[in-house]
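The residues making up each chain are set out below.
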Amino acid sequence: MYAFNEGAIPVVDPTSADGVYSLLWLVVALPLAGAAILLVGGRYTDKWGHLLGTLLPIGSFILSLVLFVDLLGRDGGDRQLSQHLYTWIQTGHLDVGMDLLYDPLSALFLLLITGVGSLIHVYSIGYMAHDPRRRRFFGYLNLFVASMLLLVLSENYLGLFLGWEGVGLASYLLIGFWQHKPSAAAAAKKAFVINRVGDMGMSTAIMMFFVTFGSTSFTVISRNAPGASENELTILGLLLLLGACAKSAQFPLQAWLLDAMEGPTPVSALIHAATMVTAGVYLIVRSNFVFEAAPNAQSAVVVVALISILWGAAIGCAKDDIKKGLAGSTMSQIGYMMLGAGLGAAGYAFAIFHLLNHGFFKANMFLGAGSVMHGMDDDVDMRHYGGLRKMMPVTFLTFAMGYLAIIGFPGFSGFWSKDKIIETALADNWLVGICAILGAGITGFYMTRMMLMTFFGEKRWDAPGSGGDVHPHESPSVMTTPLVVLAALSVLGGVMLAGDWIQDFLAPVVGTGAHEDPPLPALAITTIVVIVVASGVALAWVLFGRREVPRTAPQDVSFVTRAAREELYGNQINDALVTNPGRHLVGGLLLVDKHVVDGTFTGGPVAIGDLGGFARRAQNGFVRTYALSLLGGALLVVLALLAVNLA
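Residues numbered from 1 in each chain as written. Predicted model: local features only at pLDDT ≥ 70, side-chain atom pairs only at ≥ 80, totals over all residues. Heavy atoms only, no water.

1. Observations regarding the pattern of salt bridges
Applied cut-off: Basic side-chain nitrogens of Lys or Arg form a salt bridge, by our definition, when they fall within 4 Å of a carboxyl oxygen of Asp or Glu. For the purposes of this entry, the term helix denotes a DSSP run of H or I that reaches at least four residues, the term strand denotes a run of E that reaches at least two, and both are numbered from the N terminus. The buried label applies to any residue whose accessible area, calculated with a 1.4 Å probe on protein chains only, is under 20% of its type's maximum; exposed applies above 50%, and partly exposed to all values in between.
Summed over the entire model, instances satisfying the criterion amount to ten salt bridges. Among the salt bridges present, the one from Arg 196 reaches Glu 165, with a minimum N-O distance of 3.6 Å. Highlighted residues: Arg 196 in helix H6 (residues 182–213) and Glu 165 in helix H5 (residues 157–175), separated in sequence by 31 residues. We classify Arg 196 as partly exposed; its relative accessible area is 21%. The closest approach of N and O atoms between Lys 181 and Glu 262, which form a salt bridge, is 3.3 Å. Here Lys 181, found in the loop between H5 and H6, pairs with Glu 262, found in the loop between helix H9 (256–259) and helix H10 (265–274); they are 81 residues apart in sequence, far enough to count as distant. Salt bridges sharing common partners tie together Glu 165, Arg 196 and Asp 199.

2. Overview of the sheet that holds strand S5 (residues 94–102)
We count it as follows: Strand pairing requires that DSSP identify at least two bridges connecting the strands.
Spatially, three strands are ordered S3-S4-S5 in an open sheet, and the strand pairing comes out mixed. What marks the edges here is a single partner per strand, and that holds for strand S3 (15–16) and S5. With two bridges connecting them, S3 and strand S4 (residues 81–91) associate as parallel partners. Bridge assignment links Ser 16 to a residue of S4, and that residue is Ser 82.

3. A short note on the side chain of Thr 219
Here is the rule: A 3.5 Å cut-off defines polar contacts: any pair of N or O atoms within that distance qualifies, except that in protein one atom must be a possible hydrogen donor and the other a possible acceptor, and neighbouring residues in sequence count only when both atoms are side-chain atoms.
For Thr 219, the position within the fold is in helix H7 (residues 218–224). With relative accessibility at 13%, the residue Thr 219 sits in the buried group. Reaching out from Thr 219, the side chain makes a polar contact with the side chain of Glu 155 at a distance of 2.7 Å.

4. Topic: the packing of aromatic side chains
We describe a pair of aromatic rings using the distance from one ring centre to the other and the angle between the two ring planes. For clarity, the threshold we go by: Between 30 and 60 degrees the pair is tilted, below 30 it is stacked and above 60 it is edge-to-face, where a pair is any two Phe, Tyr or Trp rings, Trp via its six-membered ring, whose centres lie within 6.5 Å. Only Lys NZ and Arg CZ are tested; either one counts as a charge over a ring when it is within 6 Å of the ring centre and within 35 degrees of the ring normal.
In this structure the tally under the stated criterion is 21 aromatic pairs. Residues Phe 251 and Trp 311 carry aromatic rings whose centres are separated by 5.2 Å and whose planes lie at 40° to one another, so their mutual orientation is tilted. In this pair, Phe 251 sits in the loop between helix H8 (230–247) and H9 while Trp 311 sits in helix H13 (residues 295–318), placing the two residues 60 residues apart along the sequence. Three or more aromatic residues joined by ring pairs form one cluster here, namely Phe 137, Phe 138, Tyr 140 and Phe 177. A cation over an aromatic ring shows up here: Arg 43 above the ring of Tyr 44, its NZ or CZ 5.1 Å from the ring centre.

5. A few points about helix H11 (residues 276–286)
The buried fraction of H11 amounts to eleven of the eleven residues, a majority that puts the element mostly inside the structure. Among the residues of H11, those classed as buried are Met 276, Val 277, Thr 278, Ala 279, Gly 280, Val 281, Tyr 282, Leu 283, Ile 284, Val 285 and Arg 286.

6. Topic: the pairing of S4
Looking at chain direction, S4 and S5 are connected through nine bridges and run antiparallel. Looking across to S5, one finds that Leu 81 is bridged to Tyr 102. Counted along the chain from S4 to the antiparallel partner S5, the turn is two residues long, and its residue Gly 92 has a positive phi close to 60°.

7. A short note on helix H22 (residues 522–545)
Our working definition: Expected helix span is taken as 1.5 Å per residue step, with the number of steps being one fewer than the number of residues. Any two residues whose heavy atoms approach within 4.5 Å at even a single point are treated as in contact.
The first and last C-alpha atoms of H22 sit 32 Å apart over 24 residues, in line with the 34 Å expected at 1.5 Å per residue. Buried residues belonging to H22 abut helix H18 (413–428) and helix H19 (430–455).

8. A short note on the environment of Leu 162
Considering the arrangement of structural elements, one finds Leu 162 in helix H5. For the pair Leu 162 and Ala 185, spaced 23 residues apart in the sequence, the C-alpha separation amounts to 24 Å.

9. Brief notes about the packing of H10 against H11
A pair of packed helices can be characterised by two numbers: the angle between their axes and the separation between those axes. Convention followed: To obtain each axis, a line is fitted to C-alpha atoms, and for helices this fit is confined to the stretch in contact; angles are then taken between N-to-C directions over 0 to 180 degrees. Any angle from 65 to 115 degrees is called roughly perpendicular, while one under 35 is roughly parallel, one over 145 is roughly antiparallel, and all others are oblique. Under the convention adopted here, Pro, Cys and the residues Ala, Val, Leu, Ile, Met, Phe, Trp and Tyr are nonpolar, Asp, Glu, Lys and Arg are charged, and Gly plus all remaining residues are polar.
Between H10 and H11, the shortest axis-to-axis distance is 4 Å and the interhelical angle comes to 10°. Compared by their axis directions, H10 and H11 come out roughly parallel. Only Met 276, Val 277 and Thr 278 of H11 make contact with H10, whose side of the interface consists of Leu 270, Ile 271, His 272, Ala 273 and Ala 274. Taken together, the residues of the contact of H10 with H11 break down into six nonpolar, two polar and no charged.

10. A short note on the nonpolar core
The test is simple: Joining through side-chain atoms within 4.5 Å is the link that ties buried Ala, Val, Leu, Ile, Met, Phe, Trp, Tyr and Cys residues into a set, and such a set is a nonpolar core.
Counting residues in hydrophobic clusters, the biggest one holds 190 residues, and the most contacted among them are Tyr 102, Trp 256 and Leu 339. Per-element accounting of this core gives the leading share, 17 residues, to helix H15 (residues 348–375). Among all residues touching Tyr 102, those that are not within four sequence positions of it are Tyr 21, Leu 24, Ser 64, Leu 67, Phe 68, Leu 71, Arg 79, Gln 80, Leu 81, Ala 107, Leu 110 and Leu 153.

Right under this line is the structure:
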């Protein structure tokens, strides 16, 4: 049963899972078993490994759907259940169980991860058909899905961290899957290292949870959070935010995201839509009992979100690589979710609402980009496209549905979720709301630019100097079928708002905080947002629809454009503030180690060795030398005795 403490912060108090919920562990176990079979079984599973790797996540989706339907039939106060699998750690005062928590929040994530993840697996059957390591690829995909499922199902922070690290490992393996490309190997290492920075925040927070509350369990912490000091909770919130920034590619730990496009396109869809980047948003929302009691940490979430919204949008405006343009968009859209989460109980449900819708339309567009690449001989440069709507009609129509959803076209999924976040932001702080509206306008610009450069205008793949050996064609049905399903979800996602369903459904987990009335009526805010977005669309049409798009990017551009192309110099900033100082520090420590530490321990033996070498030169084996030495010694003794007597 749920209980509520002061401040309307929900307290986790689950009942024991029984009946169909006793099968909850299978949701994680199925893809985990697939990963084990495909990665350990080796070449013996090559012929059918991709089929097994697809069927097992589908099995998890079916089970998640059954659990969700049954959950809807329970009373609102009886929708939180736990399953104890075994005792994981029991030492001293630390007692951690491998426990699963199934509630409305985890239920929605299970449907997203397994549903969209399964569609990506189906798509991958066609996309990776000719890759000799396809079976291993599906093993890594299964590991990715299983890790994310464990992350969102764990009942304690330590179990969440286990899934958190599993997601990091799987992303490393998948981003660098084509290891023969130095750029892919470098991108994988970059993602891994930057995420370790966030992991320092997460691991420190977990240790602090144990020190402060004597437990890492959501049940214990949510119940005792009101008794902790605001300073303690603020520190905990900031540490959790650090972890979320790395995993969800938010400022200032976003530099890995665009490089991650080196992996196969289904990986990009899985990372950006169903798994990795949504983990940070989940962490903030799940930890609402920390942030609600730490307003300064909440404010930090809002600041990070606003910077990320505008930073990612600026990147999307200048990238010619279709996947990197979508990656910049992901950073911006995750920023909207973080903004909703930072607005507290009034925005948690809308953050998750936008997260789900984003999962639909962003998976749709990433897989659509992969379909375009499939028909364009793996060329990712949009300046080499143009006019593809006639050559790839299914890809065009499905991509268009995602485009209309992400820009917030009235009636499509993004319109409902993003507008709710903007409305809540305006009610909280008008400046925050204006920045969110500005981000929506920029979204309209860069997404329209992408549509025009890819599907409209004159074809540029047969332009002089292009080689003329590219023959665009529609992808096979195994790839287009998932696109059609995701396109439908991109259109229909708004139904979750009907009758305030999603707010009521999530209320037992995140509370039901009421915000101040916005400065304008909701209809007026919606009208303003639509006008701003339409302005961005119109500007893109003027610059890219009415003008000929050159096949190569012009070099004589403004500083703003150059900065956007360089991702606002995020990599250079990291090099200046972290990488280069770190390299110099390590170099200095090596010198100290070599000349001071090693010298301290090796100096004495070296000196004795040198003395021994000097002594060895006197032992040359000649009798006359020994006689001379004896005479010299005798003379020294006589002189010493004379000196003593004279004194």
